[in-house]
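A structural walkthrough
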There are 2 protein chains.
Amino acid sequence: MRRLVLTLMAGLIASPALAQSKEPIALRDMGSFHIGGRQIEVSGQPVKEVLFTPGGVPAKVDPNGTYQVEQMYAQYFLVQNPKGKLPLLLWHGGGLTGVTYETKPDGNPGWLNYFLRKGWDTYISDSMERGRSGWTDKFKGDPVFLPLGDPWERFRLGPSGSWNADKVKRTTYPGVQFPLDAYEQFMKQGVPRWVTTDDAIVAAYIELVDKVCPCVVLVHSQGGSFGFKVAEARPDKVKALIAVEPSATGSKDKVAALKMPIAVIYGDNAKEHPRWGKIRQNVVGYADAIKGAGGNVEVIDLPDIGIKGNTHMMMMDKNSDQIADVMQKWLVAKGFAD
Amino acid sequence: MRRLVLTLMAGLIASPALAQSKEPIALRDMGSFHIGGRQIEVSGQPVKEVLFTPGGVPAKVDPNGTYQVEQMYAQYFLVQNPKGKLPLLLWHGGGLTGVTYETKPDGNPGWLNYFLRKGWDTYISDSMERGRSGWTDKFKGDPVFLPLGDPWERFRLGPSGSWNADKVKRTTYPGVQFPLDAYEQFMKQGVPRWVTTDDAIVAAYIELVDKVCPCVVLVHSQGGSFGFKVAEARPDKVKALIAVEPSATGSKDKVAALKMPIAVIYGDNAKEHPRWGKIRQNVVGYADAIKGAGGNVEVIDLPDIGIKGNTHMMMMDKNSDQIADVMQKWLVAKGFAD
């Protein structure tokens, strides 16, 4: 019995969730702000009477005039005893918000709490157009809404044909680390996104970097392209870049600017996947161009360092702390933290 | 010179911003989750090829299938040394998000940090449909977007005719406490809202209350109606309710359930305002119905207790801490904090 208890305790102590939650998080400050965007003019529209609340009192709204659009929201947590030498900025991927890095869909702590506990001043933003950044009907084209099953295969929980609306009929890659019971919970984090707004998103991120950097930037998926483009535009401000499963690159014409350390991380089954294999190859080509211009990029395929089963959403995978450890050690090795 | 410095220092020490920021904020945990909502089915739509990122690799998206809609986002901060006896839930008003309670548009700390520093476990949610809760094109009707000038008069910074696109030509009520230089910054916090979604919003708040309460709920503006309706539906869970400038009420048929202490707070110029005067009168009538059924409501008009110049957005006004002090003292008097 005593042996069983000790074994259970050893299991608990090794659990990343408990490993994270031992000590209080002490913050010297926390807060948020909106940044960037522009004002546009609307004219020629009729004045409307709007009943904002059923049972309320109507208000006249003149829809003509100036509108604020394309701003971006950022929330920050500044630790009491910083160990990271620069602020750390976490940028999410497409169709999602900064929630990507908060509590994981299975209820365990995510990378935000991990990096706060490691002593990083951390900024999480909602990409222009998404979440608390707000949106406008003046964006070009239609927003994209994702059906429940779409990310199951596109984010590599399982191969082509593995999704099924019936939970018990879904299949996965062998040893997948995504918490499968939390898939529906993950899909509650999704928000609509446009595919025409990249330039305005990059403009807002550049304003963020101009405000709070020099810094380390960690990006995911669609954020990969934004991270590379902002680093090209502000190489003096982005002092290190970690690109987690970037879905696209910056411009090969501008790689000469990229002298900061860059790590690119892909999970399991990426090389072999029909779409991710191509994406990864594009990014490797971009990384080679950076290296050819004297830059410093490491492409880390997690299975090659013995970390198996990770999906596109590795910050939500069961072993997310193990992957954060890889990034933290890389940042320490590059001199950005003690 | 010494006298000038001392005078300046006295001014700084009296500043709410500095008064709030002396000590670190120690959290035993922080995190977030999405709650509630439902799944809907879409069928008969063609499969699309979507280029999510210019320069990326196209993906096939089948828009048919199940969609998650109407969920709600909540973020929580649990203090290391709680002094509030229950969690405190902060619900924002229409066209806004939980950002309402974070850093004020003038850069000073808002009510979230105030209540954390007073020792309250605090939950901030983005109403169903807004911010990180996401939205769907299946809502009825069109979203409402507010032009830059609309809240200036509707939120009582100035009387009818006081807005002007030219900053220097804007006028205000005498002694207005809203930080006028930060008005454009405030408008960056706005998000689109529908006027057809109240029932789904209330359903999501009820799920939140069922998850994290018993609790104290603090609501603002459109949130007033939601707070009253949820208290009517869950009188055993909502142990106290503070309604800051509620724009509508619950149902007079259901007031018999409301035995918890309720405070209703209005700022300056509300009684006299053509629209807010009517709104306030509706709410006073509802409060009288609660009292008539044996309930306990106090309607606090801030000017009547000597607090002048407050707008509809009093949590962003320069004296926001002074108003929070009124609420904190009320909560202590009712036995919800030491």
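Heads up: the structure comes first, above all this text.
Figured I'd write up the structure that's included with this text. Keep in mind that this is a model prediction, so the values were computed, not measured.

**Some details on unusual backbone geometry**
Phi is mostly negative for residues that are not glycine, and the peptide bonds are mostly trans. Residue and element names in this part refer to chain A. The omega torsion of the bond from Cys213 to Pro214 falls at 25°, within 30 degrees of zero and hence cis. If you trace the backbone, Pro214 turns up in the loop between α6 (198-212) and β9 (215-220). Of note in the backbone geometry, Arg156 takes a positive phi value of approximately 65° without being a glycine. In this fold, Arg156 is placed in the loop between α4 (150-154) and α5 (183-187). Residue Arg156 is classed as buried on the basis of its relative accessible area, which comes to 1%.

**Structural notes on the environment of Arg275 of chain B**
Positionally, Arg275 of chain B belongs in helix α8 (residues 274-292). When residues no more than four places from it in sequence are discounted, the contact partners of Arg275 of chain B are Phe52, Val57, Pro58 and Ala59 of chain A together with Arg154 of chain B.

**Digging into the nonpolar core**
Core analysis: the biggest nonpolar cluster contains 106 residues, and Leu89, Trp91 and Leu208 of chain A together with Leu89, Trp91 and Leu208 of chain B have the highest contact counts within it. The residues touching Leu89 of chain B, leaving out its near neighbours within four places in the chain, are Tyr123, Leu208, Val209, Val212, Cys213, Cys215, Val216, Val217 and Leu218 of chain B. Within the second largest apolar cluster, 96 residues are counted, among which are Trp152 and Ile323 of chain A together with Leu88 and Ala324 of chain B.

**A look at the environment of Leu302 of chain A**
Locating Leu302 of chain A in the fold gives a position in the loop between β12 (296-301) and α9 (320-333). In contact with Leu302 of chain A, not counting residues within four places along its chain, are Ile265, Tyr266, Gly267, Ile307, Asn310, Met314 and Ile323 of chain A.

**Focus on helix α7 (residues 222-233) of chain B**
Helical geometry note: an α-helix holds 3.6 residues per turn, so side chains three or four residues apart project in the same direction. All names here are of chain B. In a regular helix each residue adds 1.5 Å, so twelve residues correspond to 16 Å; α7 covers 17 Å between its end C-alpha atoms and thus fits that length. The buried count for α7 comes to ten of twelve residues, which makes it a mostly enclosed element. Those residues of α7 that fall on the buried side of the exposure criterion are Gln222, Gly223, Gly224, Ser225, Phe226, Gly227, Phe228, Val230, Ala231 and Glu232. If you follow the buried residues of α7, they end up packed against β7 (88-91), α6 (198-212), β9 (215-220), β10 (238-244), β11 (261-266) and α8.

**Observations concerning the interface of chain B and chain A**
Bring the parts together and some accessible area is lost; that lost area is often taken as the interface size. Listed per partner, the contact involves 82 residues of chain B and 82 residues of chain A. Between chain B and chain A, roughly 6,400 Å² of surface is buried when both sides are summed, and carbon and sulfur atoms account for 57% of that area. Considering only the surface of chain B that becomes buried against chain A, Phe52, Arg132 and Trp135 of chain B emerge as the three largest contributors, covering 13% of it. Counting the contacts that link chain B with chain A gives four salt bridges. Asp126 of chain B serves as the salt-bridge partner of Arg132 of chain A, at 2.9 Å between the closest nitrogen and oxygen. Residue contributions to the side of chain B that touches chain A peak at ten residues, all from strand β1 (residues 25-35) of chain B. Where strand β1 (residues 25-35) of chain A meets β1 of chain B, three bridges bridge the pair, whose relative direction is antiparallel. When the bridges of β1 of chain B are listed, Ile25 of chain A appears paired with Leu27 of chain B.

**A look at the packing of α6 of chain B against α7 of chain B**
Residue and element names in this part refer to chain B. Direction vectors running N to C along α6 and α7 enclose 55°, while the axes themselves pass 10 Å from each other. By the angle between their directions, the pair α6 and α7 is classed as oblique. Helix-helix and strand crossings are classified by hand; for α6 and α7 the assignment is right-handed. Here α6 contributes Asp198, Ile201, Val202, Tyr205, Ile206 and Val209 to the contact with α7, which in turn contributes Gln222, Phe226, Lys229, Val230 and Ala233. Broken down by class, the residue content of the contact of α6 with α7 amounts to eight nonpolar, one polar and two charged.

Conventions adopted
- Residues numbered from 1 in each chain as written.
- Chains lettered and ligands numbered in written order.
- Predicted model: local features only at pLDDT ≥ 70, side-chain atom pairs only at ≥ 80, totals over all residues.
- Heavy atoms only, no water.
- Helix = DSSP H or I, 4+ residues; strand = E, 2+ residues; numbered from the N terminus.
- Buried < 20%, exposed > 50% of the residue type's maximum accessible area, 1.4 Å probe, protein only.
- Contact = heavy atoms within 4.5 Å.
- Core = buried A, V, L, I, M, F, W, Y, C linked by side-chain atoms within 4.5 Å.
- Expected span 1.5 Å × (residues − 1).
- Buried area = accessible area lost by both parts, 1.4 Å probe.
- Salt bridge = Lys/Arg side-chain N within 4 Å of Asp/Glu carboxyl O.
- Pairing = 2+ DSSP bridges.
- Axes fitted to C-alpha atoms, helices over the stretch in contact; angles between N-to-C directions.
- Parallel < 35°, antiparallel > 145°, perpendicular 65-115°, else oblique.
- Left-handed = near helix turned anticlockwise from the far one by under 90°.
- Nonpolar A, V, L, I, M, F, W, Y, C, P; charged D, E, K, R; others polar.

Remember, this is a structural readout, not a statement about activity or role.
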